[in-house]
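# Coordinates in review
The lines below spell out each chain.
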2 protein chains.
Amino acid sequence: MEFALKSLSAIVINELIQICGEKYVFTTEDILADYGHDETEDLQFNPSVVVKPITPEEISAIMYVANRERIPVTPRGAGTGLSGGALPVFGGILLSTERMNKILEIDERNLQATVEPGVINQVFRDAVEAKSLFYPPDPASRGTCFLGGNLAENSGGPKAVKYGVTKDYILNCEVVLPTGEIIWTGANVLKNATGYNLTQLMVGSEGTLGIVTKIVVRLIPLPTQNLLMLIPFRSAEKACEAVSAVFRAGFTPSAMEFLERDAIDYVLQYVDVKIPVKENHKAHLLVEVDGNDLDVLFKECEQITELMYQYECDEVLFADSAQQKADLWKMRRSAGEAVKSHSVYKEEDTVVPRAELPKLLKGVKEIGVKYGFRSVCYGHAGDGNLHVNIIKDGMTDDEWETKVPLGIREIFQLCVMLGGTISGEHGIGWVQKEYMDIPFNPTQLNLQKGIKKLFDPNNILNPGKMFV
Amino acid sequence: MEFALKSLSAIVINELIQICGEKYVFTTEDILADYGHDETEDLQFNPSVVVKPITPEEISAIMYVANRERIPVTPRGAGTGLSGGALPVFGGILLSTERMNKILEIDERNLQATVEPGVINQVFRDAVEAKSLFYPPDPASRGTCFLGGNLAENSGGPKAVKYGVTKDYILNCEVVLPTGEIIWTGANVLKNATGYNLTQLMVGSEGTLGIVTKIVVRLIPLPTQNLLMLIPFRSAEKACEAVSAVFRAGFTPSAMEFLERDAIDYVLQYVDVKIPVKENHKAHLLVEVDGNDLDVLFKECEQITELMYQYECDEVLFADSAQQKADLWKMRRSAGEAVKSHSVYKEEDTVVPRAELPKLLKGVKEIGVKYGFRSVCYGHAGDGNLHVNIIKDGMTDDEWETKVPLGIREIFQLCVMLGGTISGEHGIGWVQKEYMDIPFNPTQLNLQKGIKKLFDPNNILNPGKMFV
């Protein structure tokens, strides 16, 4: 624990008011409580003060004060994170980027856009789609999450399987360093062989190396057509095996999502969508193809379906209306919330090479049996990224606190043994840092801690995250 | 200058022999001279010794000796670099990876491969193509350059415009750190939100942060069809304007190459290819589309051609045989060598946002007039990456040494002003480091130097590169 929890002096609060304006500095209990949790489990850590700056210069000034006083600063986007990255675990200053919500430019000549970090993912995708452009990263929380948070966590989503994750779209960003300087990390170009890749060092750094204040992303032409199929399987492992067969056969679907039966059952209780599910359907794949030529896409669907039948799928549901597509996506996107509404849970964001998915799923179930917990699995199968929701159900608090972490440790060890790692898109943050010794040895960890120290010598920016 | 040039003691040479075997330690003048240059201008810096280790453990042992003795170590792939990155500018140990040339695995289930750094790019692409898989990065030197060097320089090539550069294909790598430890940088997965991105820090670091000993790359399905067109323009600037129009219209060609008239003229003198070039053709675009459906590609070519006519192109040459395609590519790929065979030259690897290309080209010519030099330009127009070859021709040595660097400085300043930077795919190395103050301010440079110091506290790995 690097900091004792302490309340800030009136002098510091006054300085923050000088910097941000009285209207944007908050110390009332209800507001501190609002900003004291994110979407991670049931965790709550209240900050001492919430500030809402609107310019890089204001953030820079805040960092100078925080450095002088050694006050922790926790940056926060929309608070939709699933690893506790935005939790002010040592109190101090909670810095919300919510007022920095402008799309500064959509550069149609260069297929680029410049945004502030507080722009909502969906707002941005709508804005570029209106110009027939496409920003692929689409986390489940896209209706509320911020692009700054997406950058911090290197967010993915269903489209990642064809189009890549956030890191593949960030060309350049403006960052306030923990020491207060403001820099750009790169240039607004598609190719760059000029110095170390500071941009990619910032992406996925979970707000521990700097506070991103402007983001330049690349855009691509918007595909005009897509087709969607829901494919039921009698065996979850067969479904997972089918996934890598599709890619091996030369197809690259624009989504390849997996849902265990339990996940579908929770969803059907939670949202009003109609999906014909039979007794013997143990898992489903949701497969989308996209492009500009419908005939080509129909042919692809046909070929993919043929392949799926070799893995003993049942009858394929082909979405034949916009409404049905929307329902199927609603089903998939609600899976997390639906499962979580049912019970206390822990969500693990496992990732392995795609073809190892059957082994991962089998292992997760065996480990659950060993430690006495049930899990509900779904996720981005095409990327080998399986969300494992461990359900408390009837476990005692003691079992939950002692046995589950041992099980999680074994699950992560299995991931690493299969060539994977412990987070695909949610990040390490607060809740997974105790497991960082599994993917990394001390040399690897010390290099990362060295980078942190280089950027943030006083360890004031989002302390307590990522590393034990 | 961090090191005085010094010869190595017999004790050190003996230790290197102990590590690598007598057969793989070289100190004769002819061999030192062979390894004392790369493809960068006419530069020559001989090492004190050349070693050819074959395992990460041997490299690790070499680094321990080098650290103890503070001997510079310069890693080298095939020596095809264009920024002097493999030049042993302070003498010492030249470490060639040429014996580490095995393709360790092509994992067809996961569409991944694991290779050693000394595998030739073309050898690798042939091996994966035999399995209907595709590794896109294709620098002009692909017939001889090594994948390790490609990683070090973040190499591109014509395919980058659709498929991305080397960084977009590297999933994970094994690295011997300057201090001798051996680590992996990540995991073999498509999505990773686990700690800082050490993999992307290594890509493009020009052999200054570690020596890569194994590389895990992702592969994609091999497109089965492609079409190629050569499009002549009456104005080089119009050709550049046409480039961004194509992407804005929603097309993503698999190559979009630009050649000035002078470049074509040099090529036609240098290699035996037949291209019908008319008097009034001032520039050409070489445009390729690829995919799996020929009808779709023909339609795309037709639409792209229509668009090109709006930019006053002359009659489009549609390659109608494999031979003609090969000839057109030979013409493009020989451009560098052809220009360089003609005169002493300096090659600048400028890059800007794609739509700024006309301004860049115009600016380069004006700067040439101002400082009295001629330039021949060609390159990857779809990526805004223009290779500017400055030709010595009749300039005096004095003019060449004094005026040209001022002109280069102005060209780079123009790049940065247009949102670009000073190298797109060749790297900074030895010859561009004096210009690093143009894209980066002291804060940005100090962060990068801090990373270098963290990885290489004694500054023995490829010293004298990237930073002044």
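Parameters at a glance
Residues numbered from 1 in each chain as written. Chains lettered and ligands numbered in written order. Predicted model: local features only at pLDDT ≥ 70, side-chain atom pairs only at ≥ 80, totals over all residues. Heavy atoms only, no water. Helix = DSSP H or I, 4+ residues; strand = E, 2+ residues; numbered from the N terminus. Rg over C-alpha atoms; globule rule 2.2 N^0.38 Å. Buried < 20%, exposed > 50% of the residue type's maximum accessible area, 1.4 Å probe, protein only. Axes fitted to C-alpha atoms, helices over the stretch in contact; angles between N-to-C directions. Parallel < 35°, antiparallel > 145°, perpendicular 65-115°, else oblique. Contact = heavy atoms within 4.5 Å. Nonpolar A, V, L, I, M, F, W, Y, C, P; charged D, E, K, R; others polar. Core = buried A, V, L, I, M, F, W, Y, C linked by side-chain atoms within 4.5 Å. pLDDT = per-residue confidence, 0-100. Buried area = accessible area lost by both parts, 1.4 Å probe. Salt bridge = Lys/Arg side-chain N within 4 Å of Asp/Glu carboxyl O. Polar contact = N/O pair within 3.5 Å; in protein donor to acceptor, adjacent residues only side chain to side chain. Domains from an automatic or database assignment. Least-squares fit on C-alpha atoms with pLDDT ≥ 70 in both. Pairing = 2+ DSSP bridges.

### Brief notes about the overall build of chain A
Scanning chain A for helices and strands turns up 14 helices and 18 strands. Against the compact-globule benchmark of 23 Å for 468 residues, chain A has a radius of gyration of 22 Å, which places it among compact chains. In terms of overall dimensions, chain A has C-alpha extents of about 70 × 60 × 45 Å along its principal axes. Here chain A holds 468 residues, and the buried ones make up 64% of them.

### Digging into the packing of helix α9 (residues 261–270) of chain A against helix α11 (residues 322–342) of chain A
Residues and elements named next belong to chain A. In contact at an axis separation of 8 Å, α9 and α11 are set at 85 degrees when each is read in the N-to-C sense. As the angle between them shows, α9 and α11 are arranged roughly perpendicular. In this structure, α9 uses Ile264, Tyr266, Val267 and Tyr270 to contact α11, whose residues at the interface are Met331, Ser334, Ala335, Glu337, Ala338, Val339, Ser341 and His342. Per-class residue counts for the contact of α9 with α11 are eight nonpolar, three polar and one charged.

### Some points on the nonpolar core
Counting residues in hydrophobic clusters, the biggest one holds 183 residues, and the most contacted among them are A:Phe258, A:Met308, B:Phe258 and B:Met308. Residues contacting B:Met308, with those up to four places away along its chain left out, are B:Ile231, B:Phe233, B:Ala242, B:Val246, B:Met256, B:Leu285, B:Val287 and B:Cys313.

### Things to note about the confidence of the model for chain A
Chain-level pLDDT for chain A is 96 on average; 99% of the residues reach the 70-or-more range. Across the assembled chains, the prediction reports ipTM 0.96 with pTM 0.97.

### Observations regarding the interface of chain A and chain B
Accessible area lost when the parts come together is the quantity often used to give the size of an interface. Chain A puts 81 residues into the contact, and the matching count from chain B is 81 residues. At the boundary of chain A with chain B, total buried surface from both sides reaches about 6200 Å², with 59% on carbon and sulfur atoms. The three residues of chain A that bury the most area against chain B are A:Lys191, A:Tyr196 and A:Arg248, which together make up 16% of that side's buried surface. Here chain A is connected to chain B by eight salt bridges. Between A:Lys191 and B:Glu425 there is a salt bridge, with the nearest N and O atoms lying 2.7 Å from each other. The tally of links from chain A across to chain B stands at 36 residue pairs in polar contact (both at pLDDT 80 or more). Secondary structure elements with two or more residues in the side of chain A that touches chain B: β9 (182–184), α7 (198–202), α8 (236–248), α10 (294–309) and α14 (442–455) of chain A. Examining the composition of the side of chain A that touches chain B, we find that nine residues originate from one element, α14(A), more than from any other. Residue composition of the side of chain A that touches chain B, by class: 33 nonpolar, 31 polar and 17 charged.

### Quick notes on the domain arrangement of chain A
All names here are of chain A. In terms of domains, chain A is made up of domain 1 (10–99), domain 2 (103–221), domain 3 (225–336) and domain 4 (343–435). Once you take the C-alpha centre of each, domain 2 and domain 3 turn out to be 29 Å apart. Between domain 2 and domain 3, the contact holds nine residues from the first and eleven residues from the second. For the pair domain 2 and domain 3, the summed buried surface comes to about 830 Å²; carbon and sulfur atoms form 47% of the total. Among the residues domain 2 hides against domain 3, the three largest losses belong to Pro158, Val161 and Lys162. Together they make up 60% of the total. Among the salt bridges present, the one from Lys162 reaches Asp290, with a minimum N-O distance of 2.7 Å.

### Quick word on the relation of the copies chain A and chain B
After a rotation of 180 degrees and a shift along the axis of 0.0 Å, chain A superposes on chain B with an RMSD of 0.0 Å. Look at the turn and shift together and you get a two-fold axis relating the two. Interface overlap between copies is the fraction of interface residues in one copy that are interface residues in the other; for chain A against chain B it reaches 100%, indicating a shared surface.

### Here we look at the sheet that holds strand β1 (residues 25–26) of chain A
Residue and element names in this part refer to chain A. A sheet is described by the order of its strands in space; here four strands give the open sequence β1-β2-β4-β3, paired in mixed fashion. The sheet terminates laterally at β1 and β3 (73–76), the two strands that pair on one side only. Sheet topology places strand β2 (residues 49–51) next to strand β4 (residues 93–96); three bridges connect them, and they run parallel. Residue pairing in the sheet places Val50 in a bridge with Leu94 of β4. The sheet contacts of helix α3 (residues 56–69) involve β2, β3 and β4, and relative to β4 the element is tilted by about 170 degrees.

### Some points on the pattern of salt bridges
What the rule picks out here adds up to 63 salt bridges over all chains. As a salt-bridge pair, A:Asp168 and A:Lys167 come within 3.1 Å of each other at their nearest N and O atoms. Across the pair B:Lys159 and B:Glu288 runs a salt bridge whose closest N-O atoms are separated by 2.6 Å. Taken together, the residues B:Lys159 in the loop between α5 (147–153) and α6 (160–163) and B:Glu288 in strand β14 (residues 283–291) connect sequence positions 129 residues apart. Assessed through its relative accessible area of 4%, B:Glu288 is described here as buried. Residues joined by salt bridges that share partners form a network here, namely A:Glu15, A:Arg68 and A:Glu69.

### Quick look at the side chain of B:Gln112
In this fold, B:Gln112 is placed in strand β6 (residues 112–115). The class of B:Gln112 is buried, set by a relative accessible area of 6%. In this structure B:Gln112 touches A:Pro353, B:Glu105, B:Ile106, B:Asp107, B:Leu171, B:Asn188, B:Val216, B:Val217, B:Arg218 and B:Leu219, once residues within four positions along its chain are discounted.

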